[in-house]
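Residue-level structure breakdown
Each chain, written out:
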Amino acid sequence: MKKTKYIFVTGGVVSSLGKGIIAASLAKLLQSRGFSVTIQKLDPYINIDPGTLNPYEHGECFVTDDGAETDLDLGHYERFLNSPTSQANNITTGRIYQSVIEKERRGDYLGETVQIIPHITDEIKYRIRLLSEHHNYDFVITEIGGTVGDIESLPYIEAVRQMRYEMSETCLVIHLTLVPYIAAAGELKTKPTQHSVKTLLEQGLQPDVLVCRTERPLNEAMKNKIAQFCNVHSDAVIEAIDADTIYNVPLLIKNEKLDEVVLKKLKLPFNQKHDLEKWEAFLHRLKNPKHEINIGLVGKYAELQDAYKSILESIIHAGSENECKVNVKLIHSEVVTPLNVEEVLKNLNGIIVAPGFGERGIEGKITSIKFVRENKIPFLGICLGMQCAVIEFGRNVLGFTNAHSTEINPQTPFPVIDLMKEQKKVSCKGGTMRLGAYFCEIDAGSKVSKIYNNTLIKERHRHRYEFNNKYLTEYMKKGMLAVGINPDSKLVEIIELKNHPWFIGVQFHPEYKSTVAQPHPLFVDFIKNSIALRKKA
Ligand code: GLN
C-alpha cells in the first residue's frame with residue numbers, strides 16, 4: 001500500500017481568493033503526471049451541510065452521486081479531475097460536532113471531559129485520513145474554508161498542525177494570500193501576506209509554499225522579499241496572476257512550477273511529463289471559437305453567478321466542444337411578463353430555465369417557456385425548469401386552468417407537479433429531498449436517446465416534487481412526451497416536445513456531471529442546436 005501525502009490549502013488576507021481553483025489546478029497537474037488525487041473541503045460553519053443554505057450565503061449547492069449536498073467547490077474538483085467526489089469530500093464543523101456529540105451520548109468517551117482538543121481535532125484528523133483509507137490515493141488535498149485568523153477555523157488549523165507534527169514527511173501546507181496592487185503608490189504590497197503568515201505562525205503552522213494572488217506579475221525581488229519575511233524558499237513563492245478563465249489556472253501555475261515544488265518538498269519524483277494534451281485542446285477551442293451565440297438563463301438569482309455555477313460551467317464546456325463562444329444573459333425571472341417577454345428574450349438563440357425553490361419568479365419562468373415553445377427556440381428546463389414546462393403545457397395546451405405545482409399552490413385544481421408519497425411524511429428539511437444519482441430509462445425512439453447515445457443513464461437529483469403520473473396520458477396525447485422514466489419508481493425524469501426542434505426538460509441536474517474531459521451531452525447538443533437553428537433564421 002502506498003503512502004498517501006496530505007496537502008493542506010489555507011487562505012489568508014481576504015476570502016474569495018480562489019482556494020478551490022488553486023487546489024483543483026494543483027490536483028490537475030499532479031493527476032496529469034500520473035498520480036491519483038482527491039480534493040476535500042472542510043467548511044467551518046455549523047450547518048451540517050449547505051443544503052439548507054440560501055444561495056445568497058454560499059452560492060450553489062453541489063450534489064454528489066451518493067446524494068451529499070455539498071459546497072460548490074466540489075463541482076470545481078469534479079470538473080477539473082473528471083472523477084466523482086462523495087460525502088467524505090466535504091465536511092462541516094456541524095458534521096464534526098454532530099458525530100462527536102453522538103459518540104459522547106453513546107458512551108464512547110465514558111469518563112472523559114469532551115473537548116475541542118483532542119476530541120474535535122481527532123475527529124477532523126480522522127475525516128481527513130478516511131478518504132485515503134478507502135481509496136489509497138497518492139494525494140489528498142484538503143482545502144480549509146474561511147480565512148486564517150477566523151475563530152471558527154482554529155480547530156482545523158490546530159488539526160493540521162498536529163498532523164504535520166505527527167507525520168511531517170507526508171504533509172505539506174500551502175497558504176494562499178493576496179499581494180494587492182496599490183494604484184496610488186504604483187506598487188504591489190507584501191505586508192498583508194506577511195501578516196497573514198504571522199497569524200498562521202501564531203497558530204503553530206509554518207507554510208511550506210505561498211501562492212500569491214496578484215493582478216500584476218511578481219518580480220524576483222518581490223518573491224525574495226516575501227520568502228525572507230515569511231520563512232519559505234523563494235522558489236516556493238508562487239505567483240497566481242488573475243486569469244481570463246479558471247481553466248487557464250493549471251497552465252499558469254505549471255509555468256510557476258507549483259507542482260514541481262510540491263513534489264520536491266515531499267521527496268517524490270518530479271521528472272514525469274504532464275499529460276495535458278486534452279486540457280490544452282479544450283482551452284484552445286475555448287479561446288478560438290468559430291461561432292458565437294447568445295443563451296438566456298432564466299432564474300430568480302440572476303444577479304448571483306455563483307447560484308448557477310455548475311450550469312454556467314457546463315455551458316462553457318459545451319461551448320468549447322462546439323467551438324462556440326456562448327454569451328450567457330442572466331435573466332431575472334421576476335421581471336418577465338407576457339407583455340415584455342418578446343423584448344426580454346429577443347436575440348437569444350436558446351433558453352435555459354433554472355432550478356429553484358419557492359414561488360418567487362415562477363410566473364416569469366412559465367411565461368418565458370410559453371414564448372420559446374411557441375417560437376421554436378431551443379429550450380432546456382432543469383428540475384424546476386422542467387416542472388415549469390409541464391405547468392405551462394398543462395395550462396396553455398391541455399387547457400388545465402390554474403395548473404400548478406403543489407409546492408407553489410397546494411390548492412390547484414390541476415396538481416400536475418406534486419409531492420411523491422414518501423415525501424408527504426417528511427418534516428425535517430435537511431438532507432431529505434430525492435438526492436443523488438438515480439437510473440433513468442430512455443425511450444429508444446426519442447431525441448434524448450440519440451443525444452446520450454444510450455437508453456440507460458444515471459443522473460443526479462435534488463428535489464421533492466415530481467411529474468404527476470395521473471396526467472401522463474393527456475400530456476403524451478398532445479405531444480409532451482415522457483421519454484425518460486425511472487425504472488424503479490416509474491417517475492418521469494425527462495420530457496421532450498414532439499413538435500419542436502429542441503425542447504427538453506429534465507427532472508435531474510445534468511450540470512453536476514459535466515466536466516472538461518466529458519462535457520455533458522445535453523448541454524453539448526443544446527448548444528449545437530442553438531447554433532444550427534440560428535443559422536437557418
Ligand atoms: N422546488 C422543486 C422541487 O423541490 C425543484 C427543485 C430544483 O429545481 N432543484 O421539486
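Just above, that's the structure.
Rules of the game
Residues numbered from 1 in each chain as written. Predicted model: local features only at pLDDT ≥ 70, side-chain atom pairs only at ≥ 80, totals over all residues. Heavy atoms only, no water. Pairing = 2+ DSSP bridges. Helix = DSSP H or I, 4+ residues; strand = E, 2+ residues; numbered from the N terminus. Axes fitted to C-alpha atoms, helices over the stretch in contact; angles between N-to-C directions. Contact = heavy atoms within 4.5 Å. Near = heavy atom within 4 Å. Polar contact = N/O pair within 3.5 Å; in protein donor to acceptor, adjacent residues only side chain to side chain. Areas by Shrake-Rupley, 256 points an atom, 1.4 Å probe, with all protein chains shown as cover. Nonpolar A, V, L, I, M, F, W, Y, C, P; charged D, E, K, R; others polar.

With respect to topology, nine strands assemble into an open sheet ordered E13-E12-E14-E15-E23-E22-E21-E18-E19, the strand pairing being mixed. Of all strands in the sheet, those with a lone pairing partner are strand E13 (324-332) and strand E19 (456-463), marking the two edges. With direction set aside, neighbouring strand axes in the sheet form an average angle of 25°. The sheet contact formed by strand E18 (residues 434-442) and strand E21 (residues 480-485) spans two bridges and is antiparallel. Residue pairing across strands places isoleucine 442 opposite glycine 484, the latter belonging to E21.

Let us look at the sheet that holds strand E20 (residues 465-467). With respect to topology, three strands assemble into an open sheet ordered E16-E17-E20, the strand pairing being mixed. Two strands lie at the open edges of the sheet, namely strand E16 (404-405) and E20, each paired on one side alone. Of the strand pairs in this sheet, strand E17 (residues 415-419) and E20 are connected by three bridges, and their pairing is antiparallel. Paired with isoleucine 417 across the strands is phenylalanine 467, a residue of E20. Strands E16, E17 and E20 of the sheet are contacted by helix H15 (residues 384-396), whose axis makes an angle of about 145° with E17.

Another aspect to go through is the site of the ligand. By nearness alone, every residue bordering the ligand is listed as Pro355, Gly356, Phe357, Cys383, Leu384, Gln387, Glu407, Arg462, His463, Arg464, Tyr465 and His509. For the ligand, an oxygen atom lies 3.0 Å from a polar atom in the backbone of leucine 384. Arginine 462 places a polar main-chain atom, nitrogen or oxygen, 2.9 Å from a nitrogen atom of the ligand. For the ligand, whose unbound accessible area comes to 300 Å², protein coverage reaches 98%. Elements with a minimum of two residues in the shell around the ligand: H15 and E19. Residues belonging to the shell around the ligand are distributed by class as follows: five nonpolar, four polar and three charged.

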